[in-house]
Every structure is written in C-alpha cells, then in structure tokens.
Amino acid sequence: VQLQASGGGSVQAGGSLRLSCAGSGRTFSMYGMGWFRQAPGKEREFVAAISRGGGTTYYVDSVKGRFTISRDNAKNTVYLQMNSLKPEDTAVYYCAAASVSFGQVRTTSDEYVYWGQGTLVTVSS
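Residues numbered from 1 in each chain as written. Predicted model: local features only at pLDDT ≥ 70, side-chain atom pairs only at ≥ 80, totals over all residues. Heavy atoms only, no water.

Let's shift gears to the overall build of the chain. The helix and strand inventory of the chain stands at 0 helices and 11 strands. Listed by position from the N terminus, the elements making up the chain come as β-β-β-β-β-β-β-β-β-β-β. In terms of overall dimensions, the chain is globule-like: its C-alpha atoms have a radius of gyration of 13 Å, near the 14 Å expected for 125 residues. Judged by the C-alpha coordinates and their principal axes, the chain covers about 40 × 25 × 25 Å. (Helix = DSSP H or I, 4+ residues; strand = E, 2+ residues; numbered from the N terminus. Rg over C-alpha atoms; globule rule 2.2 N^0.38 Å.)

Here it is, written out as structure tokens:
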C-alpha cells in the first residue's frame, strides 16, 4: 500500500483543517489506519486510529473531542478532521497502515507497516 497525505497548512489557533490520506491498491480496506505526528525536537506520537471498517476509533487524550478520524474505503482514503486547533498541535502529520483483524486498531508506530510522506500543520497563536 502506498499512502499520500495532504491537507496540511497554516491556521490560527481555534481554526480547523482536514487532512486526507489516499491509499493505492485494492487492499486498502484490509488495513487499520492511523495518524501520527512529530513536532520539532520531539518524538513521533500517536494521534488517532480507525479500524478496517471504520466502526472502531481511538484517540490520544490531547485531541479527544477536537479531532475526528474517518475513512471512505470506496475512495481508499482516511481523513483527520481537526477542529479547535492549538499551537501545540503544530507538527508534521503522518498517516500509516497496519495489518489488523476486523474491528481492531493499533496505537504504536512499530505496529504500522506502511507510511505516508507527512504533511505539515502549523498553528499560530
């Protein structure tokens, strides 16, 4: 699976962005998907994950209630809707795919096998 992330940009605090991650191949729906981010000088951290069918989602506490992960398997795309953005959300955001059983999600980076190239999100105060 090849992944292409897009949708990053610069916004003011309180604003919104929607990231997209387009996957290639007919097996996209066989993978659990996740979003990670890496801020300057920090380690990459888990943000959100979604199961193969989209029925299970999981978020890091710092984004709960502000971010929403979703997927459209017909379009081979996973989304991350980010609302009420804060300066501390500034990072390069990566999408990734993990081999999972139906209904499961993965939350650690070493469980993901395919990665997109990253898209930069900058939130100013």
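Next comes the rest of the account.
Note on strand geometry: in a regular strand, side chains alternate between the two faces of the sheet. The element strand β3 (residues 17-23) is extensively covered by neighbouring structure, given that 5 of its 7 residues are classed as buried. Relative to β3, strand β1 (residues 3-6) runs antiparallel, the two being bridged by 4 bridges. Bridge pairing links alanine 5 to cysteine 21 in β3. When β3 meets strand β8 (residues 77-82), the two strands line up antiparallel, connected through 6 bridges. Across the sheet, residue alanine 22 finds its bridge partner in β8, namely threonine 77. (Buried < 20%, exposed > 50% of the residue type's maximum accessible area, 1.4 Å probe, protein only. Pairing = 2+ DSSP bridges.)

It is worth spelling out the packing of aromatic side chains at this point. Taken as a whole and assessed by the stated rule, the structure comprises 6 aromatic pairs. Considering the side-chain rings of phenylalanine 46 and tyrosine 58, the 6.1 Å spacing of their centres and the 35° angle between planes classify their relative orientation as tilted. Taken together, the residues phenylalanine 46 in strand β5 (residues 45-50) and tyrosine 58 in strand β6 (residues 57-59) connect sequence positions 12 residues apart. When its relative accessible area of 44% is taken as the criterion, tyrosine 58 is described as partly exposed. (Phe/Tyr/Trp six-rings, centres within 6.5 Å; stacked < 30°, edge-to-face > 60°.)

One non-glycine residue, asparagine 76, lies in the positive phi region at around 55°. Looking at the element boundaries, asparagine 76 is found in the loop between β7 (67-72) and β8. Asparagine 76 sits in the buried class, given a relative accessible area of 17%. One non-glycine residue with positive phi stands out, namely serine 84, at about 50°. Topologically, serine 84 is positioned in the loop between β8 and β9 (91-99). By relative accessible area, which is 41% here, serine 84 ends up partly exposed.

A few words on the state of the cysteines. A full pass over the atoms with the stated rule returns 1 disulfide. In this model cysteine 21 forms its disulfide with cysteine 95; the gap between the sulfur atoms is 2.1 Å. What sets the handedness of the cysteine 21 and cysteine 95 disulfide is the S-S torsion sign, and at about 65° it is right-handed. Taken together, the residues span a long stretch of sequence, with cysteine 21 in strand β3 and cysteine 95 in strand β9 at a distance of 74 residues. Take cysteine 21 and cysteine 95: they sit in the same class, and that class is buried. (Disulfide = S-S within 2.5 Å.)

Right, let's get into the sheet that holds β1. Reading across from one edge, β1-β3-β8-β7 is the order of the 4 strands in this open sheet, with antiparallel pairing throughout. The open sheet has two edge strands, β1 and β7, and neither has a second partner. Each strand axis lies, on average, 15° off the axis of its neighbour in the sheet, ignoring direction. Both β7 and β8 contribute to a ladder of 6 bridges, which runs antiparallel. (Axes fitted to C-alpha atoms, helices over the stretch in contact; angles between N-to-C directions.)

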